Each structure stands twice: as C-alpha cells, then as structure tokens.
Amino acid sequence: MIRENDINIERDVNIHLENRKVSRKFFWFIWVVFAVVSMTKNCYNGSLASIVSEGVLTKSQTGTITAIFYLVYTPFQILGGILSDKYSPERMIKIGLIGAVIANTTIFFNQNYYIMLGAWAFNGIIQFGIWPSVFKIFSSQLVRSERSQMSFYISFSATAGVLISYIIAAMIPDWRYNFAVSAVFLLACVVGLHIFEKYLNPYMKWDAKEIKDDSSKKKTDVSVMKVFVASGFFFMLFGMILSVTVSQTRATLTSVMLVENYDTVAPSLGNILTAVMILAGLAGNLIAGKFMKKVKNEVGFIVIIAIAKIPFLLACTMVGTFPVSIMITMLSVVACLESASDLTKTYYTMHFTKYGLSGTAAGILNAGSAFSYMVAAYVMPRIVEEFGWHSLLVLLPILIGIAILSFCIIIKCFGKFKKSAI
C-alpha cells in the first residue's frame, strides 16, 4: 500500500492509526515491550540479596547503585517527556531499549563495583524516553475510540513485568543471568519494534484530518505553561509525589515492619506478602476500570480514593497490637486503593493529548514518582531508625491529608479544563 504523503514512523510525530485491528496489534506489542522494560528494571533489585551474600558488593554499595539510578532517572524523565512530544516516540523507545541492552550486558560480563555503578547510571539515563513515549503512543497514535480502553490495559503491563522478573529469578542458577536474560529480551524487543515500524507505516495517517474534524477541541499552539496552569497540573504533581511516597513506603517497608513487630512472622513472609500486594493491586485496577467510564472528574475521584485510604492507614498505626492477619488485610486494602489511584492518574494525563503534551505530562509525573521512590527508600527508613515505626505510620496519613488538600484545590479548575479548550 502506497500513499501520497508517505509516513515514516521513526521520523514523523503527529500521526495516528485508524485501522482498529492494526491498532490493537501495535498496542499489545507495546504492552509486551513495557512489561519487558519493567522486568529488566527490577532485575537489579531482585539480585541484591545474592550480590550481598556472595560478597560481590557491600550493602552500602548496592544502595549507592540504586540511588544513582533514580538520581539520574528522575530529571531525565522530564527531558524524555518533552522530547517524546517533539520526536518519534518509537525512535525514543528504541534508543532506550538499545541502551538498556548495553547496560545489562556490561553488568553480566563485569561485576566490578564502579563498572556496575556506571552501567546502571547509564541505564537510568538512557531510559529517559521509554515511559513518556509509551504513553504518547497509546494516548495519541492508536485508534481514537480505543485510547481510553488501552490506557486501562497498559496499567497491568508493569505488574506483569515484575511478576516475570520474580519467576525468572526463581528459575535461574546464578543472579548474573538476570542481566543476561534481560539483555536478550530487550534485544528481541528492538528487533520486533523495527519490524513493526515497517508494517505500520502504510497504515499511519496524519493528525491534520483529526484536528480539522474536531477543531473546537484541538489546540496545540497554546504554551505549555498556560496548559499546565489552567489544568492545575502542578498541584496534581505535588499531591502525587506525596501519595506515591506513601505507597512506595508501604511497598518497601511492609515486610520489615511485620517481621520486627510480630514474633510469629518469619522473614520468608516477604515473598508471600509481595504476591498478596500484587494481587491486591490488580484487583484495584479492575475495580477502578469499571468506574472510570462514569467518572466526570478524575481529580475528584482521586480525592475520594485518598480519603478512603486514611482509616486503613490509621489502623496500621496499631501494628504489633492488632493481629498480623488484620494488618495484612489493612495493607492489602491500601494497596488496592493505591492501584486504583494510579490508574485514575493515567486517565487524568490523557487529557493533555489534545494539546500535544501527553508525553510531557507523563514524563514530569513519572519524574515525580521516581523522586518519591528515592524518598521512600532513603528518608523513610531513617525516620524508623530515629523515631520508630509508630512515628512513620502516623506520618503516612498526614502526607495523604496534605495530598488531598492539594488535589481539592484543582478539582474545579480541572473540570473547566476538560470541558473547554484554552
């Protein structure tokens, strides 16, 4: 099939698919790619225990490697978001995949501390455009009528990647093979994406027709700052950083908290608890997905979810007093609500597509999440060490309360933002 205005998916940006069958094929391929990326990002964390036990690195060295990844990953997500709106998202993804192959291959062949530190820092930098570009694809390149549905399905991709990483870690004889398997999977994604691009080129259409048919809703010449101010984006970002800090703290420290506060809980509970929390998160996605079609204001829905979390977080302050089964139930409900909130934020970000800023918004919000991971990993454990578990557990609902105030400020202006073009 040859068209008059030939499109090259690796070069052109404002393009989209109108063939549903082709669009769905492309989405599921991107879904797999992002699952693989999520799997490979988790392979280092999954190797930490073995790395330390074998004496390859010290605990402080492994912590430094984790820290440096997020230190570079956070600011580069902002850059990746901006670039994904200006350049081909497929090309951005390919760059990230090839760079990740190099990083994982390097660590497989060389376990010198400084080599690993440099390779993982490089991995954090080179993945600057993957998530913003993935978001750009399903928010603006797929068939328009199915974009909302696909934003629901993509929420399961990262979870699937984490589950695969645990399965692989359980099967391989040596932790180094985590990086070898990751490199092979990533390389397969590069080849698959290259083939898919050639297949998709004839089916791609210019966005001009879409803009012309819906000129009242499309306005891509408005300044980025004006769009973000009108939508209340910066209040959303601040609230999200606080809420993700709480969720990541829960995910990171729950196992340690239960082991230290209940004599009957063994360290092996950590693996079981991880599986329980993952299942709770999946349930949260499914429940939220059923409500999203009826939600008129995503920010308002996030507020409702956040308010619902507070009593369960307060109940967690009774750790050591309540039976462990009740504590796990409370934490599972929190995980379920957190997952529902994350999905709602994805729908929120979709509204920047009509201004050509979905990649920028996704990149900045993802940078905020990465910053929250650093806070959860390095600030929260120190609060526990200095003041104890009770102080930390009291702090979490306070942070959610502040996040709620931030979200409430923008409920009304976001409602207006959705209904009218700037």
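Residues numbered from 1 in each chain as written. Predicted model: local features only at pLDDT ≥ 70, side-chain atom pairs only at ≥ 80, totals over all residues. Heavy atoms only, no water.

Trainee: Explain empty space enclosed by the protein to me, and be specific about the residues and the numbers.
Mentor: Evaluated as defined, the whole model comprises four cavities of 30 Å³ or more. Approximately 90 Å³ is the volume found for the largest cavity. Around the largest cavity, the lining residues are Thr249, Arg250, Leu253, Thr254, Met257, Leu313, Cys316, Leu331, Trp389, Leu392, Leu393 and Leu396. Sorting the residues of the lining of the largest cavity by element identifies helix 11 (233-261), helix 13 (298-316) and helix 16 (389-419) as the ones contributing at least two each. For the lining of the largest cavity, the element with the most residues is helix 11, which contributes five residues. (1 Å grid on protein atoms, 1.4 Å probe; cavity = no way out; pocket = protein on both sides within 12 Å on 5 of 7 lines; lining within 4 Å. Points joined across faces, edges and corners; volume = space filled by probe spheres on them. Helix = DSSP H or I, 4+ residues; strand = E, 2+ residues; numbered from the N terminus.)

Trainee: Provide a residue-level description of helix 15 (residues 358-387), including the pertinent values.
Mentor: Across its 30 residues, helix 15 extends 41 Å between first and last C-alpha, which sits within 8% of the 44 Å expected from 1.5 Å per residue. Within helix 15, the axis deviates most sharply at Ala376, by approximately 30°. (Expected span 1.5 Å × (residues − 1). Bend = angle between axes of the 7 residues up to and from the residue.)

Trainee: Please give an account of helix 10 (residues 224-231) that cites residues and values.
Mentor: For the α-helix, the turn length of 3.6 residues means that residues three or four positions removed from each other point alike. By the burial criterion, the buried members of helix 10 are Val227, Phe228 and Ser231. Taken down its axis, helix 10 places every buried residue within 95° of arc, on the same side. With respect to the buried face of helix 10, the exposed residues turned more than 90 degrees away are Met225 and Val229. As for helix 10, its buried residues are in contact with helix 11, helix 14 (324-350), helix 15 and helix 16. (Buried < 20%, exposed > 50% of the residue type's maximum accessible area, 1.4 Å probe, protein only. Arc of directions from axis to C-beta. Contact = heavy atoms within 4.5 Å.)

Trainee: Please set out the environment of Ala188 residue by residue, giving values where relevant.
Mentor: For Ala188, the position within the fold is in helix 8 (residues 176-200). Distance from Ala188 to Tyr70, taken between C-alpha atoms, is 26 Å for residues 118 residues apart in sequence.

Trainee: Summarise the nonpolar core; cite the residues concerned and give the values.
Mentor: If you look at the biggest cluster of nonpolar residues, it comprises 55 residues, and the most contacted ones within it are Val227, Phe233, Tyr348, Phe352 and Leu392. At the level of elements, helix 10, helix 11, helix 12 (269-291), helix 13, helix 14, helix 15 and helix 16 are the ones that each hand at least two residues to this core. A total of twelve residues in this core trace back to one element, the largest contributor, which is helix 16. Of all hydrophobic cores here, the second largest spans 49 residues; its members include Ile15, Val22, Trp131 and Tyr347. (Core = buried A, V, L, I, M, F, W, Y, C linked by side-chain atoms within 4.5 Å.)

Trainee: Before we move on, can you summarise the packing of aromatic side chains with the specific residues and values?
Mentor: Inspection of every chain in the model, using the stated rule, returns 34 aromatic pairs. Summarising the aromatic geometry, the rings of Phe69 and Tyr73 are spaced 5.4 Å apart at their centres and angled 15° between planes, so their arrangement reads as stacked. Residue Phe69 and its partner Tyr73 are located together in helix 2 (residues 59-84), separated by four residues, close to a single helical turn. Taken as a pair, Phe69 and Tyr73 share a single burial class, namely buried. On the numbers, 5.6 Å between centres and 70° between planes, the contact of Tyr348 with Phe352 is edge-to-face. Given a relative accessible area of 0%, Tyr348 falls into the buried group. (Phe/Tyr/Trp six-rings, centres within 6.5 Å; stacked < 30°, edge-to-face > 60°.)

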